[in-house]
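What follows is the residue order along each chain.
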Amino acid sequence: MEVCYQLPVLALDRAVPKHVLSRRGAISLTSSSCLFGGRSPRQLSKRRGAISYDSIDQTALYIRMLDVRLGNFRSEIRGSTSHLCVDFRSLHSGESEDHASNRKQRSKLSLQMYLQCSRSFHGTLTFRHLHLLDQVYYGQAKCMLQRVGTWNFDIFLFDRLTNGESLVCLTLELFCKYGLIELFGLDPLRLHSFLVRIQEGYRSRNPYHNSLHAADVTQAMYCYLQEPKLSESLTSWDILLALLAAATHDLEHPGVNQNFLLKNDHFLASLYQKNSVLENHHWKSALSHLRESGLLSHLPIEDRHRMEERLGSLILATDISRQNEFLSRFKAHLDRKDLNMSSPEHRQFILQMALKCADICNPCRPNSLSTCWSHCVTKEFFQQGDVERAHRHDVSPLCDRHSNSVAIIQKSFISYVVEPLFVQWARFCDTPLSHCMLGYMKQNKKYWSNAGQEDLMDNAQTTCCKVLPRGT
């Protein structure tokens, strides 16, 4: 009688303990019958394997077995739980023990990569047990998502740990946290397909307006949704729209501003009649992906149309040219103290302001993160200026690398755009998060002011060196 021994599934979502990171380690497989489940597994003790980890990669586990073939791996569904089974029948072959013991190790299998690539673990599980994110991230990335609601969340690190899939992974996690999939009866596979479409719709060559920026804005929006005034009053529709708007608010951004499109008579400027050109394009692109994916096709048509209009209202609010319009209205509401969160119109307006804050919140992040974003956006500005100069056009403000610097741009941006908005937001949400953001903003403003003074001194010294004759 042939016996198939089962190897239990190992938890791969935890980092290797720190006290063993200084060396390689291994856990040898023994001949314990309780481990293998066989009646007489003594022969297995002569064919031991090992599960080892490397100090370089804290989340990688490698299974090394003698005379175990990849083809012997299979998935077994028992109830609603997936078990990884290894067929050890090849170990009971008639080969001589001496020949088997002298055989070189033939397989070095990364169980983590095998699980990621194998299709046999999908399809028959219910969504309650189908962890879509497990196909993309392990270990540290999963641990990071446990702190996705903290303001110092490092989106750059998370993007590296998810191999550039930060927008898909983060948005899926937030949908699961709020239970939106069950509430709206969303198809998990259609949702994943839609998010992949959105992520691919962002141009990776853009230094700033790419999928990483969208993921950062989505994470910031989640932080704002946790604020008491919002969490106690927002409906499930509000939350769904807020997350969708954050993820799609810069979809298919060309990497240049509206002024560039207008000057060059771009077809988008004509299509949207020179009115919020980029924002209208982001909105329409989001709608096309929503309809093509069929994510909400099961909902009544009236609800879909209402949702699409509200989505457009949120995305269009991110037009920076309308900053004063929204800020004046926000300030007027706060002065009159007439914001009523039970009113759908007022909730929509607060979501607009929250998305505007999330869109330009980089100067309110910790300096290590804020500085990275500052260099990214400045690089994109200067790339546009280089194109304009090459085509003998007037270089747009802030896009001339010869007359601007990161410090100059950031200091002005914080003083005239970011600070007025976040001061009013702090009036609306007088919470520790608001005070934290204002504190980081002041630190970054001081940082760029000092950096700007150093730039001026360097420029002055360079000018003097050019003017003064040699030897003076």
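Each chain has its residues counted from 1, running along the sequence as written. It should be noted that, the model being predicted, local features are given only for residues of pLDDT at least 70 and side-chain atom pairs only at 80 or more, the latter also being counted only at that level, while totals for whole chains, interfaces and linings use all residues. Calculation of side-chain values draws on the structure's entire complement of heavy atoms; hydrogens and water are dropped beforehand.

Asker: Could you give an account of the layout of surface pockets, naming the residues involved and the relevant values?
Answerer: Take a probe with the size of a water molecule and roll it over the atoms, and the empty space left behind shows itself. A cavity here means a set of points on a 1 Å grid, drawn over the protein atoms and nothing else, where a 1.4 Å probe fits but cannot get out; a pocket is an open set with protein on both sides within 12 Å along at least five of seven lines, and a residue lines either one if it has an atom within 4 Å of a point. Grid points are joined across faces, edges and corners, and a volume is the space filled by probe spheres set on the points. Here the largest pocket defines a volume of roughly 1,100 Å³. Lining the largest pocket are 40 residues, with H209, N257, I320, F381 and F413 positioned closest to its centre. In this text, helices come from DSSP runs of H or I with a minimum length of four residues, and strands from runs of E with a minimum of two, each type numbered from the N-terminal end. Of all elements in the fold, only α12 (258–263), α14 (277–293), α17 (344–359), α18 (367–390) and α19 (406–428) reach the threshold of two or more residues within the lining of the largest pocket. Its residues assigned to classes, the lining of the largest pocket shows 16 nonpolar, 18 polar and 6 charged. Three classes are used: nonpolar for Ala, Val, Leu, Ile, Met, Phe, Trp, Tyr, Cys and Pro, charged for Asp, Glu, Lys and Arg, and polar for all others, with Gly counted as polar.

Asker: Explain the side chain of D250 residue by residue, including any values.
Answerer: Within the secondary structure, D250 is located in the loop between α11 (236–248) and α12. No salt bridge is formed by the buried D250, whose closest oppositely charged neighbour, K356, lies at an N-O distance of 11 Å. Polar contact criterion, stated in full: a pair of N or O atoms within 3.5 Å, where within protein one must be able to donate a hydrogen and the other to accept it, and residues adjacent in sequence count only if both atoms are side-chain atoms. Within the local environment of D250, its side chain forms a polar contact with the side chain of H213, the two groups lying 3.2 Å apart. The contact criterion used throughout is that any non-hydrogen atoms of two residues lie within 4.5 Å. Those residues within four positions of D250 in sequence are excluded, and the remaining contacts are Y202, H209, H213, H282 and D359. Think of it in three bands: with a 1.4 Å probe and only protein chains considered, a residue is buried below 20% of the maximum accessible area for its type, exposed above 50%, and partly exposed in between. Only four residue types enter the tally: Lys and Arg on the positive side, Asp and Glu on the negative side, with His and both chain ends excluded. Put simply, a salt bridge is a Lys or Arg side-chain nitrogen that is within 4 Å of an Asp or Glu carboxyl oxygen.

Asker: Hey, could you go over the nonpolar core for me, with residue numbers and the actual values?
Answerer: Take the buried residues of types Ala, Val, Leu, Ile, Met, Phe, Trp, Tyr and Cys, join any two whose side-chain atoms come within 4.5 Å, and each joined set is a nonpolar core. Y224, L311, F422 and W425 are the most contacted members of the largest nonpolar core, which totals 97 residues. The contact partners of L311, leaving out residues within four places of it in the chain, are L241, L244, A245, T248, W283, A286, L287 and L290. Core analysis: the second largest hydrophobic core is formed by 8 residues, V256, F260, A269 and Y272 among them.

Asker: Please set out the packing of aromatic side chains residue by residue, giving values where relevant.
Answerer: Only Phe, Tyr and Trp rings take part, Trp by its six-membered ring, and two of them pair if their centres are within 6.5 Å. Stacked means planes under 30 degrees apart, edge-to-face means over 60, and tilted covers everything else. For the coordinates displayed, the defined rule picks out 12 aromatic pairs. Consider the rings of F330 and W425, whose centres lie 6.4 Å apart with planes at 40°: the pair is tilted. Residue F330 is located in helix α16 (residues 323–336), and its partner W425 is located in helix α19; the two are separated by 95 residues in the primary sequence. For the pair F330 and W425, a shared accessibility class is recorded, and that class is buried. Whether a charge lies above a ring is judged from NZ of Lys or CZ of Arg, which has to be within 6 Å of the ring centre and within 35 degrees of the ring normal. Its end group placed over the ring of W283, K284 keeps NZ or CZ at 4.0 Å from the ring centre. Positioned above the aromatic ring of W151, the side-chain terminus of R365 is 4.0 Å from the ring centre.

Asker: So what's going on with the UniProt feature "binding site: AMP" (unreviewed entry) in the protein? Which residues, and what values?
Answerer: The sites that carry the UniProt feature "binding site: AMP" (unreviewed entry) are, in the present numbering, H209, N210, S211, L212, H213, D250, D359 and Q410. The annotated residues that sit in the lining of the largest pocket are H209, H213, D250, D359 and Q410. By the element assignment, S211 lies in helix α9 (residues 211–225). What makes S211 buried here is its relative accessible area of 14%. In this structure, S211 is in contact with L167, Q199 and Y202, ignoring residues within four places of it in sequence. UniProt positions are given in the numbering used here, feature names are shortened, and annotations may be inferred rather than shown by experiment.

Asker: Break down the environment of L186 for me, citing the residues and quoting the values.
Answerer: Residue placement: L186 occurs in the loop between α7 (180–183) and α8 (188–201). Overall, the relative accessible area of 5% leaves L186 in the buried class. A sequence separation of 110 residues divides L186 from L296, and the C-alpha atoms of the two residues are 7.2 Å apart.

Asker: With reference to specific residues and values, describe the pattern of salt bridges.
Answerer: For side chains bearing opposite charge, pairing can occur when the charged atoms are close. Counted under the stated rule, the structure contains 15 salt bridges. As a salt-bridge pair, R389 and D400 come within 2.6 Å of each other at their nearest N and O atoms. Of the two residues, R389 sits in helix α18 while D400 sits in the loop between α18 and α19, which places them 11 residues apart along the sequence. The partly exposed category is assigned to R389, whose relative accessible area is 32%. Through salt bridges with shared partners, a single ionic network connects D386, R389, D400 and R401.

Asker: Break down unusual backbone geometry for me, citing the residues and quoting the values.
Answerer: It is generally the case that most residues other than glycine have a negative phi and that most peptide bonds are trans. Phi angles above zero are rare outside glycine, and K274 is one such case at about 60°. Within the secondary structure layout, K274 lies in the loop between α13 (267–271) and α14.

Asker: So, the packing of α18 against α19: which residues are in play, and what are the values?
Answerer: Lines fitted to C-alpha atoms define the axes here, with helix axes fitted over just the stretch in contact, and angles between the N-to-C directions of these axes take values from 0 to 180 degrees. Where α18 meets α19, the closest approach of the two axes is 10 Å, and the angle between their N-to-C directions is 105°. For the element pair α18 / α19, the angle class is roughly perpendicular. Two secondary-structure elements touch here, α18 through S374, H375, V377, T378, F381 and F382 and α19 through V406, I409 and Q410. Classifying every residue of the contact of α18 with α19 gives 5 nonpolar, 4 polar and no charged. Here is the rule for angles: anything less than 35 degrees is roughly parallel, anything more than 145 is roughly antiparallel, 65 through 115 is roughly perpendicular, and the remaining ranges are oblique.

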